[in-house]
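Geometric and topological summary
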Amino acid sequence: MIDHVAVPVRDVEASRKFYEPLLSGMGAQVLMEAPGFVLFGNGEGMLALRQKDEVLPIHVALKADRPGVDAFHEAALAAGATDNGAPGVRSEYHENYYAAYVIDPDGHNIEAVSHSPG
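The numbers attached to residues start from 1 for each chain and follow its sequence in the written order. Only residues with pLDDT of at least 70 get local features here, since the model is predicted, and only at 80 or more are side-chain atom pairs given and counted; chain-wide, interface and lining totals rely on the full set of residues. The side-chain figures draw on all heavy atoms in the structure; neither hydrogens nor water molecules are used.

The subject of this paragraph is the environment of Gly 118. Only DSSP runs of H or I with at least four residues qualify as helices, and only runs of E with at least two residues qualify as strands; both kinds are numbered from the N terminus onward. Within the secondary structure, Gly 118 sits in the segment after strand 8 (109–114). Exposed residues in this analysis have more than 50% of their type's maximum accessible area, buried residues have under 20%, and partly exposed residues fall in between, with area computed by a 1.4 Å probe over protein chains only. With relative accessibility at 82%, the residue Gly 118 sits in the exposed group. Here the alpha-carbon distance between Gly 118 and Pro 67, two residues 51 residues apart in the chain, equals 9.8 Å.

Shown next as structure tokens:
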């Protein structure tokens, strides 16, 4: 349903260094950039980083398959994220909800999720 989302960040270049390896692992590449702005996309959706003076933490969930959730979590931790939930099934949502959560450098809760069985 969502075509794109913009994530507010304090330092777009620092955030780009954090997000680029995570998103490239999900098939995304840089589609557009300008001062204080970078847009990533993979044909299924887009995520923009937009530099702001005030940043209030948000939650963003990114679609992936189960191996992609695992790879996202590993890459995020290697890039300096704080673990906020290791990869695993969250049956409180539904029986196939497989997700991992990290906190990015700006305090955003970033999730990778798969809804497919096994």
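Right, picking up where we left off after that structure.
A few words on helix 1 (residues 12–24). For a helix, the expected span equals 1.5 Å multiplied by the number of residues minus one. When the terminal C-alpha atoms of helix 1 are compared, their 17 Å separation across 13 residues agrees well with the 18 Å that a helix rising 1.5 Å per residue should span. Considering bend angle alone, the principal kink of helix 1 is centred on Phe 18 and spans about 30°; proline Pro 21 follows within four residues of it. Buried residues of helix 1: Val 12, Ser 15, Arg 16, Phe 18, Tyr 19, Leu 22 and Leu 23, and no others. The opening residue of helix 1, the one whose side-chain oxygen lies 3.1 Å from the backbone nitrogen of Glu 13, is Asp 11. Two axes enter the definition of the bend at a residue: one is fitted to the seven residues ending there, the other to the seven starting there, and the bend is the angle between them. As used in this structure description, the phrase polar contact means that two N or O atoms lie within 3.5 Å; if the pair is within protein, one of them must be able to donate a hydrogen and the other to accept it, and residues adjacent in sequence are counted only when both atoms belong to side chains.

This part covers the side chain of Asn 96. Summarising the element assignment, Asn 96 is placed in the loop between strand 6 (82–89) and strand 7 (98–103). Its relative accessible area of 18% is what places Asn 96 among the buried residues. In what follows, residue pairs with any heavy atoms lying within 4.5 Å of each other are defined as contacts. Once you skip the residues sitting within four places of it in the chain, Asn 96 turns out to touch Arg 66, Ser 114, His 115, Ser 116 and Pro 117.

Glancing now at the sheet that holds strand 1 (residues 4–9). What the four strands build is an open sheet, ordered 1-4-3-2; its pairing is mixed. Each edge of the open sheet is held by one strand with a lone partner, namely strand 1 and strand 2 (29–34). Taken over all neighbouring pairs, the strand axes of this sheet differ in orientation by 20° on average, direction set aside. Here, strands pair whenever DSSP counts at least two bridges between them. Pairing of strand 3 (residues 37–41) with strand 4 (residues 46–51) involves five bridges; the strand directions are antiparallel. Paired with Phe 40 across the strands is Leu 47, a residue of strand 4. With respect to the sheet, helix 1 is in contact with strand 1, strand 2, strand 3 and strand 4, its orientation differing from that of strand 3 by roughly 5°. Angles shown run from 0 to 180 degrees and are taken between the N-to-C directions of axes, each axis being a line fitted to C-alpha atoms and, for helices, limited to the stretch in contact.

A pair of Phe, Tyr and Trp rings is counted when the ring centres sit within 6.5 Å of each other, with Trp represented by its six-membered ring. The angle between the planes then sorts it: under 30 degrees is stacked, over 60 is edge-to-face, the rest tilted. Considering all chains together, one arrives at two aromatic pairs under this definition. Seen in terms of ring centroids, Phe 18 and Tyr 19 are 5.1 Å apart; in terms of plane orientation they differ by 85°. Their pairing is edge-to-face. Residue class for Tyr 19 comes out buried when judged on its relative accessible area of 1%.

Next up on the list: the sheet that holds strand 6. Spatially, the four strands line up as an open sheet ordered 5-8-7-6, and their pairing is mixed. With one partner strand each, in any of the chains shown, strand 5 (59–63) and strand 6 form the two edges of the open sheet. On average, each strand axis in the sheet is tilted by 15° relative to the strand beside it, whichever way the strands run. As paired strands, strand 6 and strand 7 are joined by five bridges and run antiparallel to one another. Counted as the bridge partner of Val 89 is Tyr 98 from strand 7. Where helix 2 (residues 66–78) meets the sheet, it contacts strand 5, strand 6, strand 7 and strand 8, and its direction lies at approximately 15° from that of strand 7.

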